[in-house]
Amino acid sequence: MYVFHFNEIFEYLDILWSGMLVTFHLSVLTMLFGTILGIFIAIARLSKNRLVYFLSTMYVEVLRNVPVLLVLYIIYYGISSQLKGMTISAFWASVIALSVNSSAYEAEIIRGGINGIMKEEIEAAFSLSLKKMQVFHYIIIPHALRLIWDALGNQLVAIILGSSIASIITLNELTYNALEIGSRTSRHFETFVVLLFIYVVLGFILSSLFRLIKKMFLRPANL
Amino acid sequence: MLNFNQFILLLKGARLTLEISILAMLAGSIIGIFIGFLRASKNPVIRNIFRIYVDIFRGSPLIIQLFIIYYGLPIIFDLDVSAFFTAFIAITLYTSGYMAEVFKASIEAVSITQWESAYSLGLTYPVIALKIILPQALKIAVPPSIGVLILVIKDSSLASVIGFTELTRMSNIVRAQTFTTFDVYAMAALLYFIICYSISLLGSYLEKRIGSSELHKINY
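The model shown is predicted, which means the values in this text are computed figures rather than measured ones.

### Side note on the interface of chain A and chain B
- With 29 residues of chain A at the interface, the matching set in chain B holds 29 residues.
- Put simply, the parts of the chain that give the side of chain A that touches chain B at least two residues each are α2 (50-64), α3 (68-82) and α8 (188-217) of chain A.
- It is α8 of chain A that contributes the most residues to the side of chain A that touches chain B, 10 residues altogether.
- Here the side of chain A that touches chain B is built from residues that sort into 20 nonpolar, 8 polar and 1 charged.

The following block contains the structure:
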């Protein structure tokens, strides 16, 4: 009968902590770049210019239908094999792959939010002689933000969970360091059980933060 | 460039990706139906216990779940199983978390009067659930399930880390044979795209056929 030993893992808390910092760093950069890129793609998807619309739609469809692991492989191994002399660190390859992947999803969420605002609302705002910037600032942004807030929160939690695949290209983030602890202690199972709860808790903290911000700052959509 | 044999190898990988995804989807849906009913229960204790189940499987990376099953099956159940079986169990559990939420939403979308009238006819809970509510919920669950299937196909690529030779691991093998990194991965990405995009087209077709009358009720 197998006896579980969780206490051995807690001797390596410093390794888990340093992995957590890398995961945190990676996730924050991905959230930032993914969201910025997502906003641009969403605007491109709403464009009336056919070429812009076609290219941005293709971007979204391709990235939503290809595993992020392959995107990571293509960026980390593929690009450096094509361009001689160009190498990319595991960290930045992960940031780029995860951001690009996330931006496709965020673009769809943001586009949905902008589409969700009723035309009448914007017309009503213009008829009150608000300027274009004012309409954008007072009508579109608060309303769209409210519409997309939950989906955006889920997407950002998904980034934290998704950052675990960077361990496959040997970036020393949380999952990779857990593998390291597993091989030092031969307690892989216990290590990953602990890790599972760390990820669940990290996701829970972020989604609670999102709910809190929603409660405190976002006006209820009275529709 | 890839030659014909290497392309055939990738196609074999794609077949295994499809096999494991569809099997895990079927098994995950069966578990998901049960948990969906429990999640839609009126009893808050039952509802919240199974919420934890859903939160764990949806709230943690699949790669961690794969590792837990991979290292856990041999030590807990004393099982020495193939990579396919390990990946199947892990992806099934992962899928069941998503499908439970899909079925919960679908079950709740079935009008409450269906329950009331069935109870007033003297039917018991299992009969109502399986014969009256489930058929209606299944229809509502089709479009979101297509989304979950696509997610599962893409995430099954992670099974490559525990040594199951699906499309992603197969492309690693072909890459090691040929040293044509970019071409192999681009071809694998194209295969994934073809599979997932055709399924999503099928999904939007089904969504139109089932009709928005049923779907506006769902809050998924």
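### Details of unusual backbone geometry
Residues and elements named next belong to chain A.
- Despite not being glycine, Ser129 shows a phi value in the positive range, around 60°.
- Examined against the element boundaries, Ser129 turns out to sit in the loop between α5 (119-127) and α6 (132-162).
- Residue class for Ser129 comes out exposed when judged on the 7 C-beta atoms lying within 10 Å of it.
- With phi around 60°, Thr170 is a residue other than glycine that occupies positive phi space.
- On the secondary structure map, Thr170 appears in the loop between α6 and α7 (174-185).
- Since 11 C-beta atoms lie within 10 Å of it, Thr170 is described here as exposed.

### Remarks on the packing of helix α1 (residues 4-39) of chain B against helix α4 (residues 83-109) of chain B
All names here are of chain B.
- Closest axis-to-axis distance for the α1/α4 pair is 5 Å, and the angle between their directions is 40°. Viewed along their axes, α1 and α4 adopt a mutual orientation that is oblique. As for how α1 packs across α4, the hand of that crossing is right-handed.
- For the contact of α1 with α4, the class distribution of residues is 18 nonpolar, 7 polar and 2 charged.

### Here we look at the nonpolar core
- Counting residues in hydrophobic clusters, the biggest one holds 111 residues, and the most contacted among them are Leu70, Leu72 and Phe192 of chain A together with Leu66, Ile91 and Ala188 of chain B.
- In terms of residues, this core owes the most to one element, α4 of chain B, which gives 14 residues.
- Those residues in contact with Leu66 of chain B that sit more than four places away from it in its chain are Ala87, Ala90, Leu158, Ala159, Val161 and Ile162 of chain B.

### Quick look at the environment of Gly38 of chain A
Residues and elements named next belong to chain A.
- Mapped onto the elements of the fold, Gly38 is located in helix α1 (residues 13-45).
- Residue classification places Gly38 among the buried positions, given that 24 C-beta atoms sit within 10 Å.
- In contact with Gly38, not counting residues within four places along its chain, are Ser103, Glu106, Ala107 and Ile110.

### Observations concerning the confidence of the model for chain A
- Counting all residues, the mean pLDDT for chain A is 90, and 98% of those residues have values of 70 or more.
- α5 of chain A is the least confidently modelled element of chain A, averaging 86 in pLDDT, while α2 of chain A averages 96, the highest of any element.

### A look at helix α7 (residues 167-178) of chain B
- Along its 12 residues, α7 of chain B runs 16 Å from first to last C-alpha, staying within 8% of the 16 Å computed at 1.5 Å per residue.
- Of all the residues in α7 of chain B, the buried ones are Leu167, Thr168, Arg169, Met170, Ser171, Val174 and Arg175 of chain B.
- Looking at the buried positions of α7 of chain B, the neighbouring elements they touch are α3 of chain A together with α1 and α8 (181-210) of chain B.
- Downstream of α7 of chain B by a residue or two, Phe179 of chain B has a phi angle that is positive, lying close to 60°.

Rules used throughout
- Residues numbered from 1 in each chain as written.
- Chains lettered and ligands numbered in written order.
- Predicted model: local features only at pLDDT ≥ 70, side-chain atom pairs only at ≥ 80, totals over all residues.
- Contact = placed C-beta atoms within 7 Å.
- Helix = DSSP H or I, 4+ residues; strand = E, 2+ residues; numbered from the N terminus.
- Nonpolar A, V, L, I, M, F, W, Y, C, P; charged D, E, K, R; others polar.
- Buried ≥ 20, exposed ≤ 12 C-beta atoms within 10 Å, placed from the backbone.
- Axes fitted to C-alpha atoms, helices over the stretch in contact; angles between N-to-C directions.
- Parallel < 35°, antiparallel > 145°, perpendicular 65-115°, else oblique.
- Left-handed = near helix turned anticlockwise from the far one by under 90°.
- Core = buried A, V, L, I, M, F, W, Y, C linked by C-beta atoms within 7 Å.
- pLDDT = per-residue confidence, 0-100.
- Expected span 1.5 Å × (residues − 1).

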